[in-house]
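Residue strings, one per chain:
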Amino acid sequence: MTPPSSPSSRVLPLAWLALVAAALWGVIWWWQIGRAVALPEAPSSRVACVSYAPFRKPGETPLNIHAYVSPERIDADLRALSERFDCVRTYSQGFGLSAVPAIAQRYGMKVLMGIWIGRDPVLNDNEIKAGIATIKAHPEVLRGVVVGNEVLLRGEQTPTALAQYVTEVRDAVRDTHVPVTYADVWEFWQHYPEMAKVVDFITIHILPYWEDEPVEPRDAVQHVADVYARMKAEFPGRAVMIGETGWPSQGKQRRGAAASLVNEARYMREFLRYAGSVDMPYNVIEAFDQPWKREQEGTVGGYWGIFDVDARPKFSMQGPVVEEPRWLLGWWAGVLGAVLFVLAAVWRREWRSRKARYALVLSGFACGTALAWQFRQMWFACRDVVEWAVSGTLCVLALLTTIALARWVAARLGGGPTRGMPDPRARFAWMFGLTLYGLLLVFDGRYRDFPLGLFWPPALGYFIAALLDAGRTWVPTAEERFMACLMPLLAIVTVVQDVGLNPASWLWLGVNLTLGAAALIAWRRAVRLGTHEPQAAYQ
């Protein structure tokens, strides 16, 4: 233990301001996602058609060619869906889905039936044979048949080969009078207009969130209306159906397109009002949240459903919508954090002053609300035990690091002797982790969330500690000084990638600036004091 050198009177107010601001941010953020948001109401809770895939239980995925869903499961799903939807769209004949038309007929539903086309010609032939048999067995229940879904988008077939598949099915079922189509993102119909010659009607996908230039929620339905009008004009005299449209309730924000429950409800209500006004054939994506899609599209891929994985509606079509009904748990996490931080220091004299206790309470509350924020993200993002274990371990490390920093800061603000700072290797590890994740966001960030709740507590803790360290406690290594400069640059790139419209990217920049500034402040002080060698450990 060493007697403290008194921090400069200029930095004390800044340290207190940082602690108060962090605690207030925790209060405001959780309150904000817990308030009821008034939205325009849908004309009805009934929806014309919805994409149906039954893979919503742990481990279920169509990526496993041996996956199978029983007719009993499908029957239970369609019985429930028939109360809200007139039609379901399927994507494949495999996995037991060939039973959908017969089951849907029991509940008075129509089917937009899918035949999956991929790279494997054998699997394609099997799908087509099964599809033709189903069409001939149940033509009266089919609203149409979709031969191939976004095949051109994935680059799995040439337009010529795909047209041959469509023509094969169309010729085989001509006597049933069931119309045949192909479905893809609307731009690909512009790229390959020749596909219009081999289909009975054109099926386009319009997903404002996934556009190359993502559309903000407030403009999303107008964007759909504009695109639909454009496609009608480009293919005059042809029937055009919107085969997929919707909005995700969780996941990474893309520019101004925020994935949230409120925005999903807003989009669905506004879209249904628009669709009803123009008498337009449409299908929304999708009936249930699909956890397996997170493997391909990150968190956002799993949350396009109108119902959750337990078949519960995620929002109503009338009345206000709350983003997080359990928002008070965030405040309670802050209270628990404050108690934990005080208990972690209660037995030592240097933390018994009133100022030290205030600092511990503020630090604990801010850390608790931040880690609760991170836990909420984990709740939606983690796919298996391994991801839960890794994320949980990192949260525990963040908590332990922040407790150690808070004890040192509290002793400093309370005028007591300083001890208990983390080993220097901890600060290096947090800087390295932030740099590594920053590189991933820049070069492979399309589906990656911002782990803000994980990095904010240690970053802010190190920043406040650097402000209060009037001596030579932290002398950054050359590697830390390099990362202190690199981290903000990487974060600036993420802001630019979202053209400044994503608040999360700005907060990410704030995290990187805060931890980077902590290292640079310590280095400047070391230079001024003539101490350039890193210490082996905190004193």
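Structure report, in brief. Note that residues are indexed from 1 along each chain, following the sequence as it is written. Thresholds applied to this predicted model are a pLDDT of at least 70 for local features of residues and 80 or more for the giving and counting of side-chain atom pairs; totals over whole chains, interfaces and linings are not thresholded and use all residues. With hydrogens and water set aside, each side-chain value is computed from the structure's full complement of heavy atoms.

Side note on the pattern of salt bridges
Short version of the rule: Within this document, salt bridges are pairs made up of a side-chain nitrogen of Lys or Arg and a carboxyl oxygen of Asp or Glu, the two lying within 4 Å of each other. Relative accessible area decides the class of each residue, using a 1.4 Å probe on protein chains only: under 20% of the type maximum gives buried, over 50% gives exposed, and in between gives partly exposed. In DSSP terms, a helix is any run of H or I states spanning at least four residues, a strand is any run of E spanning at least two, and both are numbered starting from the N terminus.
This structure, assessed with the given rule, holds 22 salt bridges. Where Arg312 meets Asp308, a salt bridge forms, and the shortest distance between an N and an O atom there is 3.0 Å. A residue is classified by how much of its surface remains accessible, and Arg312, at 49% relative accessible area, is partly exposed. Between Arg376 and Glu323 there is a salt bridge, with its nearest N and O atoms 3.9 Å apart. Here Glu323 lies in the loop between β9 (321-322) and α11 (328-343) and Arg376 lies in helix α12 (residues 354-381), a separation of 53 residues in the sequence. When salt bridges that share partners are traced, they join Glu323, Glu324, Arg326 and Arg376 into one network.

As for a nonpolar patch on the surface
Defined as follows: Residues enter patches when they are more than 30% accessible in relative terms and free of salt bridges; like-charged ones are connected within 9 Å and nonpolar ones (Val, Leu, Ile, Met, Phe, Trp, Tyr) within 5 Å. Where accessible areas are quoted, they stem from the Shrake-Rupley method and a 1.4 Å probe; at the residue level, only the protein chains shown are allowed to cover.
Side chains of Leu328, Leu329, Trp332, Val335, Val339, Leu343 and Val346 sit close together on the surface and give an oily, nonpolar patch of about 660 Å² of accessible area. Among the structural elements, Trp332 can be located in helix α11.

Some thoughts on the state of the cysteines
We apply this condition: Note on disulfides: each one is a pair of cysteine sulfur atoms within 2.5 Å.
Going through the model one piece at a time under the given rule, you end up with 1 disulfide. Put simply, Cys49 and Cys87 are joined by a disulfide, and their sulfur atoms are 2.4 Å apart. Of this pair, Cys49 sits in the loop between β1 (36-37) and β2 (50-51) while Cys87 sits in strand β3 (residues 87-89), and the two are 38 residues apart along the sequence. In this structure Cys49 comes out as buried when scored by relative accessible area, which is 1%.

Here we look at the pairing of strand β7 (residues 202-205)
In plain terms, the rule: Between any two strands, pairing holds if DSSP finds at least two bridges. Classification remark: right-handed applies to a crossover when, strands pointing away from the viewer, the course from the first strand over the helix to the second runs clockwise.
Here β7 shows no split at all, with Ile202 and Ile204 on one side and Thr203 and His205 on the other all buried. The pairing of strand β6 (residues 180-185) with β7 spans 3 bridges and is parallel. Across the sheet, residue Ala183 finds its bridge partner in β7, namely Thr203. Handedness of the crossover is the feature at issue here: the chain leaves β6, passes through helix α7 (residues 186-191), returns alongside β7, and the resulting connection is right-handed. Bridge count between β7 and strand β8 (residues 240-244): 4 bridges; the pairing is parallel. Looking at the pairing, His205 lines up with Glu244 of β8.

Remarks on the sheet that holds β6
Convention followed: Contacts were defined at the residue level, with two residues in contact if any of their heavy atoms lie within 4.5 Å. For helices, the axis comes from a line fit to the C-alpha atoms of the stretch in contact; other axes are also lines fit to C-alpha atoms, and the angle between any two N-to-C directions lies between 0 and 180 degrees.
With parallel pairing, the 7 strands of this open sheet are ordered in space as β2-β3-β4-β5-β6-β7-β8. Edge strands, defined here as strands with exactly one partner in the open sheet, are β2 and β8. Summarising the sheet, β2 and β3 pair through 2 bridges and their orientation is parallel. When the sheet's bridge partners are listed, Ser51 is paired in β3 with Arg89. Its contacts with the sheet put helix α6 (residues 159-172) on β4 (110-115), β5 (142-149) and β6, and the angle it makes with β6 is roughly 150°. Taken strand by strand, helix α8 (residues 217-234) contacts β7 and β8, and its axis lies near 140° from that of β8.

A look at unusual backbone geometry
Cis rather than trans, the peptide bond between Ile285 and Glu286 has omega equal to 5°. Take Glu286: it is sitting in the loop between α9 (261-278) and α10 (294-297). Phi is positive for Glu150, close to 55°, though the residue is something other than glycine. Position of Glu150 among the secondary structure elements: in the loop between β5 and α5 (151-154). Of note in this structure, His177 is not a glycine but carries a positive phi near 60°.

Here's the deal with the packing of helix α15 (residues 452-468) against helix α17 (residues 503-529)
Our working rule: Each angle gets one of four labels, with under 35 degrees taken as roughly parallel, over 145 as roughly antiparallel, 65 to 115 as roughly perpendicular, and the rest as oblique. If you view the pair so one helix is near and one far, a crossing is left-handed when the near helix is turned anticlockwise from the far one by less than a right angle, and right-handed when it is turned clockwise. Polarity classes work like this: nonpolar for Ala, Val, Leu, Ile, Met, Phe, Trp, Tyr, Cys and Pro, charged for Asp, Glu, Lys and Arg, and polar for all others, with Gly in that last group.
For the pair α15 and α17, the least separation of the axes is 8 Å and the interaxial angle reads 30°. Judged by the inter-axis angle, α15 sits roughly parallel to α17. Where α15 crosses over α17, the handedness of that crossing is left-handed. Residues Leu452, Phe455, Trp456, Ala459, Leu460, Tyr462, Phe463, Ala466 and Leu467 of α15 pack against Ala504, Leu507, Trp508, Gly510, Val511, Thr514, Leu515, Ala517, Ala518, Ile521 and Arg525 of α17. Classifying every residue of the contact of α15 with α17 gives 17 nonpolar, 2 polar and 1 charged.

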